[in-house]
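Tertiary structure, described
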Amino acid sequence: MTKIHALSAHPTDAEVDTWWAVQLAAHATDAAALPGLPAPARVEAAGRLQVPPSRGRLVRWAAGDGDGQAALLLFTEEGNTHTAFLDELTVRPDARRRGVGSALWQQVRRELLDQGRTSVATVADLGGPGQAFAESLGFESVLSMGWYVRELGEDGPVAAPATPGYELHVWPGLVPDAWAPATALAHGAMEDAPSGDSDETFQPWTAQRVHSAQQLVLDRGGEITLAAAVTPAGEVAAYTVLVLPDPEGPRALQYDTVVVPAHRGHGLGRAVKLRMEEYAAGRYPGLRRIGTTVADDNTAMLRVNASVGYRRERGAGLFQLKL
């Protein structure tokens with residue numbers, strides 16, 4: 001019988017090493033079926049384990065002596081306390097098909113029910129073991145998406161185009177206090193982004209929430225930068241976010257790219273992405289690849305990404321289970 005134990009709120013370095021080792025072992029096997037799957041970095045594993053999230057409470061469990069692990073994010077923000085996100089359920093390859101994953105899932109499910117949650121979601125790569133396991137538990141796809149990558153070549157970045165009527169700014173770290181309210185207001189444009197049949201509801205952002213989300217990346221050992229197109233009136237018309245989970249690593253993630261509806265049709269999405277690449281090329285000479293997810297029916301963002309050189313690498317999906 002697989003023994004499951006909860007990790008404390010402050011895992012030790014030894015526990016981090018064990019957690020990361022499971023991720024590395026899984027990656028070594030799963031990457032064969034999922035080309036391009038990035039290897040996990042220790043700084044990222046440590047940050048996610050040792051620094052609490054800003055949107056909820058993270059509960060972690062380990063199985064046996066490093067056989068597997070699970071992490072569940074219980075949202076605490078108003079409007080989403082009915083649901084949760086399964087952040088990870090990983091089983092070391094040589095421990096698979098021995099009931100480890102099922103034992104971890106039963107622990108997760110008990111926690112969900114104890115906390116009164118009526119649904120849980122997770123993201124899984126299509127064609128990988130995560131999708132197969134999720135579907136075996138009854139999870140259903142509620143949003144189809146893809147991983148897209150931008151390879152940064154040796155010729156240097158493409159210059160950002162001129163943006164008449166707008167200035168392009170780059171803000172590493174926390175957005176300046178003076179611009180945080182306008183950034184939060186611009187984030188509201190994400191409400192019309194495809195979300196499928198997800199139970200998670202969109203919550204309005206505030207300046208404080210902008211800073212909290214950015215500070216979390218920094219506290220977890222990463223770096224975050226926002227490139228924005230702003231108006232003379234002080235509006236943030238568009239922005240994009242670049243995150244390096246491991247600042248010394250070769251990859252980055254592009255988080256939200258937002259263009260406020262009133263400012264669409266001016267090429268601002270493409271402009272802020274290219275301005276970000278210009279900045280990143282100078283700031284992170286070891287950066288080789290940027291990855292991002294885009295919903296399959298987000299045709300506008302797919303066009304923008306294609307115009308700056310992103311290519312689809314693998315499919316993914318948001319999977320959800322009603323309890």
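Residues numbered from 1 in each chain as written. Predicted model: local features only at pLDDT ≥ 70, side-chain atom pairs only at ≥ 80, totals over all residues. Heavy atoms only, no water.

Concerning the overall build of the chain
To keep things clear, this is the line we draw: Secondary structure elements are defined from DSSP: runs of H or I of at least 4 residues count as helices, runs of E of at least 2 residues count as strands, and each element is numbered from the N terminus. The globule rule used for comparison is 2.2 Å times the number of residues to the exponent 0.38, while the radius of gyration itself is calculated over C-alpha atoms. The rule is simple: take the accessible area with a 1.4 Å probe, protein chains only, and divide by the maximum for that residue type; under 20% is buried, over 50% is exposed, in between is partly exposed. In what follows, residue pairs with any heavy atoms lying within 4.5 Å of each other are defined as contacts. Each accessible area is a Shrake-Rupley result for a 1.4 Å probe, and residues are judged covered by the shown protein chains and nothing else. By the counting scheme adopted, Arg and Lys are positive, Glu and Asp are negative, and His together with the chain ends is not counted. In plain terms, the charge of a residue is placed at NZ if it is Lys, CZ if Arg, CG if Asp and CD if Glu.
The helix and strand inventory of the chain stands at eight helices and 12 strands. At 20 Å, the chain has a C-alpha radius of gyration in line with the 20 Å of a compact globule built from 323 residues. Reported as C-alpha extents along the three principal axes, the dimensions of the chain are approximately 65 × 45 × 35 Å. Across the 323 residues in the chain, those meeting the buried criterion constitute 48%. A separation of at least 24 residues holds for 73% of the contacts in the chain among residues at least 6 apart in sequence. Accessible surface for the chain amounts to roughly 15,100 Å². Of this, 53% is attributable to carbon and sulfur atoms. In the chain, which carries 29 positive and 38 negative side-chain charges, the distance between the mean positions of the two groups comes to 3 Å.

Observations regarding the side chain of Arg60
We count it as follows: Any pair of N or O atoms that falls within 3.5 Å is considered a polar contact. Within protein, one atom must be able to donate a hydrogen and the other to accept it, and sequence-neighbouring residues count only if both atoms are side-chain atoms.
Tracing the chain through its elements places Arg60 in strand 2 (residues 56-63). Of note is the side chain of Arg60, whose polar atom sits 2.9 Å from the backbone oxygen of Ser8. Not counting residues up to four positions away in its chain, the partners in contact with Arg60 are His5, Ala6, Leu7, Ser8, Ala9, Pro11, Trp19, Arg48, Leu49, Ala70 and Ala71.

Some points on the packing of helix 1 (residues 13-30) against helix 2 (residues 42-50)
Note the cut-off: Angles here are taken between N-to-C directions and fall from 0 to 180 degrees, while the axes themselves are lines fitted to C-alpha atoms, restricted in helices to the stretch in contact. Should an angle fall under 35 degrees it is called roughly parallel, over 145 degrees roughly antiparallel, and 65 to 115 degrees roughly perpendicular, with every other angle called oblique. Whether a crossing is left-handed or right-handed is set by the direction in which the near helix is turned from the far one by less than a right angle, anticlockwise for left-handed and clockwise for right-handed. Classes in brief: Ala, Val, Leu, Ile, Met, Phe, Trp, Tyr, Cys and Pro nonpolar; Asp, Glu, Lys and Arg charged; the others, Gly included, polar.
Direction vectors running N to C along helix 1 and helix 2 enclose 120°, while the axes themselves pass 9 Å from each other. By the angle between their directions, the pair helix 1 and helix 2 is classed as oblique. For the pair helix 1 and helix 2, the crossing hand works out as right-handed. Of helix 2, the residues touching helix 1 (which contributes Asp13, Val16, Asp17, Trp19, Trp20 and Gln23) are Arg42, Ala45, Ala46, Leu49 and Gln50. Taken together, the residues that form the contact of helix 1 with helix 2 break down as six nonpolar, two polar and three charged.

Quick word on the packing of aromatic side chains
The condition that has to hold: Stacked, tilted and edge-to-face are the three classes applied to pairs of Phe, Tyr and Trp rings, where Trp contributes its six-membered ring and a pair requires centres within 6.5 Å; stacked means planes under 30 degrees apart, edge-to-face means over 60, and tilted covers the rest.
On inspection of all chains with the given rule, the structure shows two aromatic pairs. Ring centres of Trp105 and Phe139 lie 5.6 Å apart, and the angle between their planes is 65°; this geometry places the pair in the edge-to-face category. Of the two residues, Trp105 is situated in helix 3 (residues 100-114) and Phe139 in the loop between helix 4 (129-136) and strand 6 (140-151); the sequence distance between them amounts to 34 residues.

What to know about unusual backbone geometry
Even without a glycine there, the phi angle at Arg97 is positive, about 65°. Considering the arrangement of structural elements, one finds Arg97 in the loop between strand 4 (83-91) and helix 3. Overall, Arg97 belongs to the exposed group, its relative accessible area being 83%.

Thoughts on the sheet that holds strand 8 (residues 223-230)
To keep things clear, this is the line we draw: Between any two strands, at least two bridges found by DSSP are needed for them to pair.
The strand order across the open sheet built from 12 strands is 1-2-3-4-5-12-6-11-10-9-8-7, with neighbouring strands paired in mixed fashion. Pairing within the sheet leaves two strands with one partner each, and these edge strands are strand 1 (4-6) and strand 7 (167-172). Pairs of neighbouring strands in the sheet enclose a mean axial angle of 25°, with direction left out of account. As paired strands, strand 7 and strand 8 are joined by six bridges and run antiparallel to one another. Residue pairing across strands places Trp171 opposite Leu226, the latter belonging to strand 8. Strands in contact with helix 5 (residues 180-187) are strand 7, strand 8, strand 9 (236-244) and strand 10 (251-259); relative to strand 9, the strand with the most contacts, it is inclined by about 95°. Relative to strand 11 (residues 289-295), helix 8 (residues 299-308) is tilted by about 160°, and along the sheet it contacts strand 6, strand 10 and strand 11.

Looking at the nonpolar core
Keep this limit in mind: Residue types Ala, Val, Leu, Ile, Met, Phe, Trp, Tyr and Cys, when buried and joined through side-chain atoms within 4.5 Å, form a set referred to as a nonpolar core.
Counting 21 residues, the largest nonpolar core has Leu72, Trp105, Val108, Leu112 and Val120 as its most contacted members. Put simply, the parts of the chain that give this core at least two residues each are strand 2, strand 3 (68-75), strand 4, helix 3, strand 5 (119-125) and strand 12 (311-322). No other element matches helix 3, which puts five residues into this core. In contact with Leu112, other than residues within four places in its own chain, are Leu72, Leu74, Ala84, Trp105, Arg117, Val120 and Leu323. Core analysis: the second largest hydrophobic core is formed by 19 residues, Trp171, Val175, Ala182 and Tyr239 among them.

Re the pairing of strand 3
Taking burial as the measure, the eight residues of strand 3 include eight buried ones, the bulk of the element. By the alternation rule, side chains of strand 3 split into Gly68, Ala70, Leu72 and Leu74 and Gln69, Ala71, Leu73 and Phe75, which are all buried. Pairing of strand 2 with strand 3 involves eight bridges; the strand directions are antiparallel. When the sheet's bridge partners are listed, Gly56 is paired in strand 3 with Phe75.

A look at helix 6 (residues 207-219)
Let me state the cut-off plainly: One less than the number of residues in a helix, times 1.5 Å, gives the span that helix is expected to have.
Here helix 6 contains 13 residues, and its C-alpha end-to-end distance of 18 Å stays within 8% of the 18 Å for a straight helix at 1.5 Å per residue. Taken residue by residue, helix 6 has Arg209, Val210, His211, Gln214, Leu216 and Val217 as its buried positions. Its buried side turned inward, helix 6 meets helix 5, strand 8 and strand 9.

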